[in-house]
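# Observations on the model geometry
Now for the letters of each chain:
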Protein chains: 2
Amino acid sequence: MENLIELFGISDDLVPQKFKKGHILQSQGDVNSNAYLVKNGLLRSYTIDQKGKEHVFMFAPEDWIISDIESQEFHHPAELYIECLEDSELIILNRKHLASVELNSQQYQQRLNKLSRRIAVLQRRMIGMMSSTAQERYEEFLVYYPNLVGRISQRMIASYLGITPEALSKIRGQIAKNS
Amino acid sequence: MENLIELFGISDDLVPQKFKKGHILQSQGDVNSNAYLVKNGLLRSYTIDQKGKEHVFMFAPEDWIISDIESQEFHHPAELYIECLEDSELIILNRKHLASVELNSQQYQQRLNKLSRRIAVLQRRMIGMMSSTAQERYEEFLVYYPNLVGRISQRMIASYLGITPEALSKIRGQIAKNS
DNA sequence: GGAAATTATTAATCCAGATTAAGAAATTAA
DNA sequence: TTAATTTCTTAATCTGGATTAATAATTTCC
């Protein structure tokens, strides 16, 4: 985790911890939410809406950081559940680590860069959601995350795309037929 | 613009410039995109998709900053148009201002905070897009941006919500009837 | 002020994707 | 290994919001 030090200016007491597949790291409503850096394995964040339906917000494979930013930065109750989709080794970054450390300019620039990238991804996803059909969004997902596809159930990919598993299944059938 | 200095560590050569309603500050495909701080007036950013349809990405009233982050930070061609919806006075922040200035720790923290807030907003909007009906999203918009509602055409609110003006008109009729 | 252009509304029809249902395949657990 | 659970697929039906169209209300601009 060499560049973790660069990024967060911390090194001690950041031993990766192991969690089993299915483990829920944090739940909707939690007030002390963390960020999780995935050393290996795979996480997802998701909400459950008023109607009881689950919506995947993002996936985090190796070297990604996942958190509920609103909760973490602004101390709001978490909107998002965070769950292990595979047995995972994680470095848990709590508010103490992320907020109270003096960083140098380069470290700050790197953090700004990370956040900017996240915004860019969300911007692209938002626009796709408004302007593309479900099939177009699925095909884009395949291009952007080719190495994730085999590790994630169709059900969850559908949820990430904002459609039902049935709709995704139909799209996949369609694509298979036309090729 | 006192806190602009705090935020960006700059003060000179940042005289607000005036633009007329309807002026397009930057277009899809532009490579030298800026950020715009709205001193007064109102801007919007939007894309035009392959099918030629417009989608409003965000509005920026007084004291907001608007930009195509992906373009600005990562030098990609802009996805977003940025347009004046009212006569506006703007401070234009180019890459030079935003990137090359040495900031102190507090200034960096403030920038990180701004970006985090943007992510939080996008997260909430994304989740709303996936889990709420058009009517629910409209009602949430009314709550979150009560002071914008009167200044923006229905057409653009509809576009921001990801629906057609006809659909929004129907929803408004519905709401008016039930009250 | 008046013509032209844009915006908002209403209504009829259409369609992408939701819902419901049920069986098949794969995974998990005992 | 088998039973139980979860995931995936297929198909019929339904529905929220899109599309199309036409008219009314506003705004823009000469």
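Residues numbered from 1 in each chain as written. Chains lettered and ligands numbered in written order. Predicted model: local features only at pLDDT ≥ 70, side-chain atom pairs only at ≥ 80, totals over all residues. Heavy atoms only, no water.

Around DNA strand C, the surrounding shell holds 15 residues, and the nearest of these are Lys53, Ala134 and Thr164 of chain A together with Gln154 and Arg155 of chain B. Near the protein, within 4 Å, the atoms of DNA strand C are sugar or phosphate in 77% of cases. Where the surface near DNA strand C is concerned, the elements lending two or more residues are α8 (165–177) of chain A together with α7 (154–161) and α8 (165–177) of chain B. It is α8 of chain B that contributes the most residues to the surface near DNA strand C, three residues altogether. Residues that form the surface near DNA strand C fall into these classes: three nonpolar, six polar and six charged. (Near = heavy atom within 4 Å. Helix = DSSP H or I, 4+ residues; strand = E, 2+ residues; numbered from the N terminus. Nonpolar A, V, L, I, M, F, W, Y, C, P; charged D, E, K, R; others polar.)

The immediate surroundings of DNA strand D are formed by 15 residues, with Arg155 of chain A together with Lys21, Lys53, Ala134 and Thr164 of chain B found nearest. Sugar and phosphate atoms represent 79% of those atoms of DNA strand D found within 4 Å of the protein. Residue Ser169 of chain A places a side-chain N or O atom 3.1 Å away from a sugar or linking oxygen belonging to DNA strand D. Within the side chain of Arg172 of chain A, an N or O atom sits 3.4 Å from a phosphate oxygen of DNA strand D. The set of elements that each furnish at least two residues to the surface near DNA strand D consists of α7 (154–161) and α8 of chain A together with α8 of chain B. Broken down by element, the residue count for the surface near DNA strand D peaks at three residues, all from α8 of chain A. Its residues assigned to classes, the surface near DNA strand D shows three nonpolar, six polar and six charged. (Polar contact = N/O pair within 3.5 Å; in protein donor to acceptor, adjacent residues only side chain to side chain.)

Looking now at the side chain of Arg125 of chain B. With respect to the helices and strands, the residue Arg125 of chain B is situated in helix α4 (residues 105–131). Among the polar contacts made by the side chain of Arg125 of chain B, one reaches the main-chain carbonyl oxygen of Val56 of chain B at a distance of 3.4 Å. Looking at Arg125 of chain B, its side chain comes within polar contact range of the main-chain oxygen of Tyr160 of chain B, at 3.0 Å. Residues in contact with Arg125 of chain B, not counting those within four places in the same chain, are Met126 and Met130 of chain A together with Val56, Phe57 and Tyr160 of chain B. (Contact = heavy atoms within 4.5 Å.)

The next point concerns the sheet that holds strand β2 (residues 24–26) of chain A. All names here are of chain A. In space, the four strands of this open sheet follow the order β2-β7-β4-β5, with antiparallel pairing throughout. Single-partner strands in this sheet number two, and they are β2 and β5 (54–60). Shown here is a sheet whose adjacent strand axes are inclined to one another by a mean of 30°, direction ignored. As paired elements, strand β4 (residues 43–48) and β5 share six bridges and run antiparallel to each other. The partner of Arg44 across the bridge, within β5, is Phe59. (Pairing = 2+ DSSP bridges. Axes fitted to C-alpha atoms, helices over the stretch in contact; angles between N-to-C directions.)

Residues and elements named next belong to chain B. In the contact formed by α7 and α8, the axes pass within 8 Å of each other and the chain directions differ by 100°. By the angle between their directions, the pair α7 and α8 is classed as roughly perpendicular. Along the contact surface, α7 presents Gln154, Arg155, Ile157, Ala158 and Leu161, while α8 presents Pro165, Leu168 and Arg172. Looking at side-chain class alone, the contact of α7 with α8 contains five nonpolar, one polar and two charged residues. (Parallel < 35°, antiparallel > 145°, perpendicular 65-115°, else oblique.)

Now for unusual backbone geometry. Although it is not a glycine, His75 of chain A sits at a positive phi angle of roughly 60°. As for its position among the elements, His75 of chain A is in the loop between α2 (69–74) and β7 (81–84). Residue classification places His75 of chain A among the partly exposed residues on the basis of a relative accessible area of 48%. With phi around 75°, Asp63 of chain B is a residue other than glycine that occupies positive phi space. Looking at the secondary structure, you find Asp63 of chain B in the loop between β5 (54–60) and β6 (65–67). (Buried < 20%, exposed > 50% of the residue type's maximum accessible area, 1.4 Å probe, protein only.)

Within the fold, Val38 of chain B resides in strand β3 (residues 35–40). Placed 111 residues apart in sequence, Val38 of chain B and Val149 of chain B show a C-alpha to C-alpha distance of 18 Å.

A word on the pattern of salt bridges. Taken as a whole and judged by the stated rule, the model has 16 salt bridges over all chains. Ionic pairing is found between Arg124 of chain B and Glu70 of chain A, a salt bridge with its closest N-O pair at 3.0 Å. With Arg124 of chain B in helix α4 and Glu70 of chain A in helix α2, this pair bridges two chains. With a relative accessible area of 11%, Glu70 of chain A lands in the buried category. A salt bridge links Glu54 of chain B to Arg44 of chain B; the nearest nitrogen and oxygen atoms lie 2.7 Å apart. In this pair, Glu54 of chain B is assigned in strand β5 and Arg44 of chain B in strand β4 (residues 43–48), connecting sequence segments ten residues apart. What makes Arg44 of chain B buried here is its relative accessible area of 3%. (Salt bridge = Lys/Arg side-chain N within 4 Å of Asp/Glu carboxyl O.)

Where interface size is given, it is often the accessible area lost as the parts come together that is meant. At the junction of the two partners, chain B supplies 42 residues and chain A supplies 42 residues. Of the roughly 4,000 Å² buried where chain B meets chain A, counting both sides, 66% is carbon and sulfur surface. The closest approach of N and O atoms between Glu136 of chain B and Lys51 of chain A, which form a salt bridge, is 3.4 Å. For the pair chain B and chain A, the number of links is twelve residue pairs in polar contact (both at pLDDT 80 or more). Elements with a contribution of two residues or more to the side of chain B that touches chain A: β5, α2 (69–74), α4 and α7 of chain B. Looking at the side of chain B that touches chain A element by element, the count peaks at 21 residues for α4 of chain B. (Buried area = accessible area lost by both parts, 1.4 Å probe.)

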